[in-house]
Amino acid sequence: MASSSVSSHSSGSWTAKQNKAFEQALATYDQDTPNRWRNVAQVVGGKTTEEVKRHYELLVQDINSIENGLVPFPNYNTNGRR
């Protein structure tokens, strides 16, 4: 989930609970839903329509950066040693 980098750019901070509610609301209210952002903001709680819309836009930017290879993969230790 790209929420940590998204929340660092957003106005105000997003709690883990708000991020989870945001994800669930996006799954519930697709792009064709009337008043999508108002509905998402209502589910998230404590965020305005503009804040949830901006949070989504930053999430899309993060995803595009990852898909375009602009974010390096972490160097995971796969042999079990630290």
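Quick note: structure is the one above.
Keep in mind that what you see is a predicted model, and the values were worked out from it rather than measured.

Engineer: Explanation requested: the overall build of the protein in the structure shown.
Structural biologist: For the protein, the helix and strand inventory stands at four helices and zero strands. From first element to last, N terminus to C terminus, the protein shows the α and β order α-α-α-α. Excluding contacts between residues fewer than 6 apart, the proportion of contacts in the protein whose partners are at least 24 apart in sequence is 48%. When the accessible area of the protein is evaluated, it comes to approximately 6,100 Å², of which 50% is carbon and sulfur surface.

Engineer: Any chance you could explain the environment of A41 here in plain terms?
Structural biologist: As for its placement among the helices and strands, A41 is situated in helix α3 (residues 36-44). Measuring from C-alpha to C-alpha, the distance between A41 and V52 comes to 6.0 Å, with eleven residues separating the pair along the chain.

Engineer: Sorry, what's going on with a nonpolar patch on the surface here?
Structural biologist: A contiguous nonpolar patch, built from I66, L70 and V71 and spanning about 290 Å² of accessible area, is present on the exposed surface. Tracing the backbone through its elements, the reader meets I66 in helix α4 (residues 49-67). The exposure class assigned to I66 is partly exposed, which follows from its relative accessible area of 48%.

Engineer: Please explain the nonpolar core as it appears in this structure.
Structural biologist: Soluble globular proteins tend to bury their nonpolar side chains together. One finds W14, F22, A25, L26, W37, V40, A41, V44, V52 and L59 forming the largest nonpolar core, which totals ten residues. Listed by contribution, the elements that provide at least two residues to this core are α2 (16-28), α3 and α4. Per-element tally for this core: the top contributor is α3, with four residues. Excluding residues that lie within four positions of it along the chain, A25 makes contacts with V40 and V43.

Rules behind the numbers
- Residues numbered from 1 in each chain as written.
- Predicted model: local features only at pLDDT ≥ 70, side-chain atom pairs only at ≥ 80, totals over all residues.
- Heavy atoms only, no water.
- Helix = DSSP H or I, 4+ residues; strand = E, 2+ residues; numbered from the N terminus.
- Contact = heavy atoms within 4.5 Å.
- Areas by Shrake-Rupley, 256 points an atom, 1.4 Å probe, with all protein chains shown as cover.
- Patch = residues over 30% accessible without salt bridge, like charges linked within 9 Å, V, L, I, M, F, W, Y side chains within 5 Å.
- Salt bridge = Lys/Arg side-chain N within 4 Å of Asp/Glu carboxyl O.
- Buried < 20%, exposed > 50% of the residue type's maximum accessible area, 1.4 Å probe, protein only.
- Core = buried A, V, L, I, M, F, W, Y, C linked by side-chain atoms within 4.5 Å.

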